[in-house]
Amino acid sequence: MAVVLALVEAAETRDMLHMALTLLACALHQNPQNVKDMKKYRGYHLLALFLRRRMSLFDMQSLEIFFQIAACEASFSEPKKLERRQATLSPAATLQETSFEELSLSKFRDEISSVGSHGDMDDFSAQKDSFSHISELDNSDMLVETSNCIVLSNADMVEHVLLDWTLWVTAPVSIQIQLLGFLEHLVSMHWYRNHNLTVLRRINLVQHLLVTLQRGDVEVPVLEKLVVLLGVILEDGFLASELENVVRFVIMTFDPPELKPRHQIARESMGKHVIVRNMLLEMLIDLQVTIKSDELLEQWHKIVSSKLVTYFLDEAAHPTSMRWIMTLLGVSLASSPTFALKFRTSGGYQGLMRVLPSFYDSPDIYYILFCLIFGKPVYPRLPEVRMLDFHALMPSDGSYVELKYVELLESVIVMAKSTFDRLSMQSVLAHQTGNLSQIGASLVAELVEGNADMTGELQGEALMHKTYAARLMGGEASAPAAATAVLRFMVDLAKMSPPFSAACRRPEFLESCIDLYFSCTRFVFRHAAICILFSGCYIENFGTACSQF
């Protein structure tokens, strides 16, 4: 094995590297002593070390040789032959009689790639994987004579070479994705999946993947594939230890910036850590919505949802992450009355009112809040939010729906209030510095046009209004128009929906509306423009509430 590894190190051309790696694969397959020597002398570490200087010569053909070293392909007879030979020949015996030449991995290309092995497989895994699906095989309409599967045979090769991203990060992205596709097929195939997962978990595959996700030099397409692979592993059994590791990793990606002078909140800047976090949050939501067992769902909320929602309800989180956290919160509230009760009793709604004003420029969060209020699903998310999507939340047949989580209306109001408070602050600073810009000009124009006569068929007018048809843009510059559109939508709701109008009569909501009203008037008067007639929400006792407060 020392000679073979020396040939790998000495390879100067692609052909030389192919021949050295082919010799390595043959030596490991044909002589068990070579396998022991390779492990004894840390040969796989040396192989990875030597290859770092030869990655410019590495290609898909070399990668397929690595797949041959890591796993073997097992052939099973078609159902009819299996029935005839089952009494006299076991699948294990069939594997032992299969020659190495027949166990080729040449079929592993893109979406096809799963090999099996007769090496380290324990008796339990062999019995479970070999026999548990025979009845399914009998009932299938397979026309081929044999069925191939992949069995992991060399865990050391996987752990010390295939999972060493200090090596693969220098390879082309296509090779990295192909490598992850091989691992994904190992853990998602039908035959020998349990055995492969058992072996990979012994070498802490999840931890290897998380370490790779933490690297800053991995390309985004590779990160996406890594997250997909991680999701496939987590879905198998939802093991608490693996979920806890992933949750800790997601939390670790968040390092809130320090407070600026005057206690201004500084959001974290976009980077790969945010991209990875958002991918993982989406993956976890994908897994959560597949859980049907109430008991398992409660365990999931305890390990995953509650911790992530609690930790990331922070003003400093990146807006894209907050949108995913709000989506996770929405999915959790809708899926579990227990979670909803705990969120309410632990002050969750008050926490939202404290945090969400910092995300006044995220129309998606407005939409998520209204989806929850109307009992509509928040996932899958819309690629872009329009005011028509808000209007579609209401029943089209004119019927009334029971509103849920009406406490969220206060969060909507404080988000809108934050928008106008910030505009007022910008106006004051502009007058102090003498830099008088057209702050809020677009908002005033929007309000003038929006306050046109709507005494006719409100729904028709709303649907025709350009604000309802327009896509709600995110960002600080678009925040006033988005907040104005949402407030106009609430005015329409108060006119058309008695349940919504009743929810707006709650003292808590009226108090928040008064705060919003004065924020709007301060902003408007400072611009010598028209007053926002939010008191025209047609809440009958609004004036009484003003006198009380």
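Residues numbered from 1 in each chain as written. Predicted model: local features only at pLDDT ≥ 70, side-chain atom pairs only at ≥ 80, totals over all residues. Heavy atoms only, no water.

Novice: Please clarify how the overall build of the protein should be interpreted in this entry.
Specialist: In terms of regular secondary structure, the protein is built from 31 helices and 2 strands. Residue burial in the protein is summarised as follows: out of 549 residues, 51% are buried. Long-range contacts, defined here as pairs at least 24 residues apart, represent 79% of the contacts in the protein between residues at least 6 apart. Counting only carbon and sulfur atoms, one obtains 54% of the accessible surface of the protein, whose full area is about 25,800 Å². (Helix = DSSP H or I, 4+ residues; strand = E, 2+ residues; numbered from the N terminus. Buried < 20%, exposed > 50% of the residue type's maximum accessible area, 1.4 Å probe, protein only. Contact = heavy atoms within 4.5 Å. Areas by Shrake-Rupley, 256 points an atom, 1.4 Å probe, with all protein chains shown as cover.)

Novice: Can you walk me through the packing of helix H18 (residues 294–312) against helix H20 (residues 337–345) in this structure?
Specialist: Helices that pack against each other are described as a pair by the angle of their axes relative to one another and the distance between those axes. The contact between H18 and H20 brings their axes to 11 Å, and the two run at 35°. For the element pair H18 and H20, the recorded crossing hand is right-handed. From H18, Glu 298, His 301, Ser 305, Ser 306 and Val 309 reach across to H20, where they touch Thr 338, Phe 339 and Phe 343. (Axes fitted to C-alpha atoms, helices over the stretch in contact; angles between N-to-C directions. Left-handed = near helix turned anticlockwise from the far one by under 90°.)

Novice: When you look at a positive patch on the surface in this model, what are you seeing that I'm missing?
Specialist: On the surface, Arg 248, Lys 302, Lys 307 and Lys 342 cluster together into a patch of positive charge. Along the chain, the position of Lys 307 falls in helix H18. (Patch = residues over 30% accessible without salt bridge, like charges linked within 9 Å, V, L, I, M, F, W, Y side chains within 5 Å. Salt bridge = Lys/Arg side-chain N within 4 Å of Asp/Glu carboxyl O. Lys, Arg positive; Asp, Glu negative; His and termini not counted. Charge placed at Lys NZ, Arg CZ, Asp CG, Glu CD.)

Novice: How do you make sense of a nonpolar patch on the surface when you look at a structure like this?
Specialist: A surface patch of nonpolar side chains, about 270 Å² in accessible area, is lined by Val 3, Leu 7 and Leu 23. The class for Leu 23 is partly exposed, based on a relative accessible area of 39%.

Novice: So what exactly am I meant to see when it comes to the environment of Glu 282 here?
Specialist: Along the chain, Glu 282 falls in helix H17 (residues 272–288). Exposure remark for Glu 282: the relative accessible area of 33% places this residue in the partly exposed category. Taking the C-alpha atoms as reference, Glu 282 lies 8.4 Å from Leu 328; in sequence the two are 46 residues apart. Contacts of Glu 282, omitting those with residues within four sequence positions, involve Trp 324 and Tyr 379.

Novice: Quick question: what am I supposed to make of the pattern of salt bridges here?
Specialist: Two side chains bearing opposite charge may form a pair once their charged atoms approach each other closely. Across all of its chains, the model carries 19 salt bridges by this definition. Where Lys 417 meets Asp 421, a salt bridge forms, and the shortest distance between an N and an O atom there is 2.7 Å. Pair noted here: Lys 417 and Asp 421 are both in helix H24 (residues 408–433), with a separation of 4 residues, about one helical turn. By relative accessible area, which is 25% here, Asp 421 ends up partly exposed.

Novice: When you look at the packing of aromatic side chains in this model, what are you seeing that I'm missing?
Specialist: How two aromatic rings sit relative to each other is given by the distance of their centres and the angle of their planes. All told, the structure shown has 16 aromatic pairs when counted by the stated rule. Clustering of aromatic rings is evident, with ring pairs tying together Tyr 367, Phe 370, Phe 390 and Phe 489. The ring of Trp 324 is capped by Arg 381, whose NZ or CZ atom sits 4.4 Å from the centre of that ring. (Phe/Tyr/Trp six-rings, centres within 6.5 Å; stacked < 30°, edge-to-face > 60°. Lys NZ or Arg CZ within 6 Å of the ring centre and 35° of its normal.)

Novice: Would you take a moment to explain the nonpolar core for this structure?
Specialist: Soluble globular proteins: nonpolar side chains tend toward being buried together. Phe 66, Trp 168, Leu 308 and Phe 370 are the most contacted members of the largest nonpolar core, which has 161 residues in total. Examining the composition of this core, we find that 10 residues originate from one element, helix H28 (residues 479–496), more than from any other. (Core = buried A, V, L, I, M, F, W, Y, C linked by side-chain atoms within 4.5 Å.)

Novice: Even after reading the chapter, I still don't get the environment of Met 38, so can you show me in this structure?
Specialist: Relative to the assigned elements, Met 38 resides in helix H3 (residues 32–40). On the accessibility criterion, Met 38 (1% relative accessible area) is buried. Between the C-alpha atom of Met 38 and that of Ala 2, which follows or precedes it by 36 residues, the distance is 8.5 Å. Excluding anything up to four places from it in sequence, Met 38 contacts Met 1, Leu 5, Leu 24, Leu 28, Gly 43 and Tyr 44.

Novice: Can you walk me through unusual backbone geometry in this structure?
Specialist: Most peptide bonds adopt trans geometry, and most residues besides glycine take a negative phi value. Residue Tyr 379 is joined to Pro 380 through a cis peptide bond whose omega torsion reads 5°. Assignment of secondary structure puts Pro 380 in the loop between helix H22 (363–373) and helix H23 (387–392). Of note, Tyr 192 is a non-glycine position whose phi angle comes to about 60°, a positive value. Relative to the helices and strands, Tyr 192 resides in the loop between helix H12 (173–188) and helix H13 (193–202). Phi is positive for Tyr 405, close to 50°, though the residue is something other than glycine. Under the relative-accessibility criterion, Tyr 405 is labelled buried at 16%.

Novice: Honestly, helix H10 (residues 155–162) in this entry has me stumped. Any pointers?
Specialist: Of all 8 residues in H10, 6 are buried; the element is thus mostly enclosed. Restricting attention to buried positions, one finds in H10 the residues Ala 155, Asp 156, Met 157, Val 158, Val 161 and Leu 162.

Novice: I tried to follow the confidence of the model for the protein on my own but got confused; where do I start?
Specialist: Detailed reading of the predicted coordinates is not advisable wherever pLDDT is low. Per-residue pLDDT for the protein has a mean of 79; in total, 72% of the residues score no lower than 70. Under a pLDDT of 50 for its full length, residues 440–458 has, in the predicted model, 28 contacts with residues more than four places off or in other chains. With pLDDT under 50 throughout, residues 528–549 is counted as low confidence; its partners more than four residues away or in other chains account for 41 contacts. (pLDDT = per-residue confidence, 0-100.)

Novice: Would you mind showing me how to read the environment of Phe 58 here?
Specialist: The residue Phe 58 is located in the loop between helix H4 (43–51) and helix H5 (60–70) in this model. Taking the C-alpha atoms as reference, Phe 58 lies 9.3 Å from Pro 172; in sequence the two are 114 residues apart. Not counting residues within four places of it along the chain, the set of residues in contact with Phe 58 comprises Arg 14, Leu 17, Leu 21, Leu 51, Leu 63, Phe 66, Trp 168 and Ile 175.

Novice: Can you help me understand the packing of helix H14 (residues 205–214) against helix H15 (residues 220–235) in this one?
Specialist: Axis separation between H14 and H15 bottoms out at 10 Å; the angle between their running directions is 155°. With respect to H15, the element H14 is oriented roughly antiparallel. The way H14 lies across H15 gives a crossing that is left-handed. Where H14 approaches H15, its residues Leu 205, Val 206, Leu 209, Leu 210, Thr 212 and Leu 213 are matched on the opposing element by Leu 223, Leu 226, Val 227, Leu 229, Leu 230 and Ile 233. (Parallel < 35°, antiparallel > 145°, perpendicular 65-115°, else oblique.)

Novice: Is there a simple way to explain H3 in this structure?
Specialist: Given 3.6 residues per helical turn, the α-helix brings residues three or four places apart onto the same face. N-capping of H3 is provided by Asn 31, with a side-chain oxygen placed 2.9 Å from the backbone N of Gln 33. At the C-terminal side of H3, Arg 42 shows a positive phi close to 55°. (Polar contact = N/O pair within 3.5 Å; in protein donor to acceptor, adjacent residues only side chain to side chain.)

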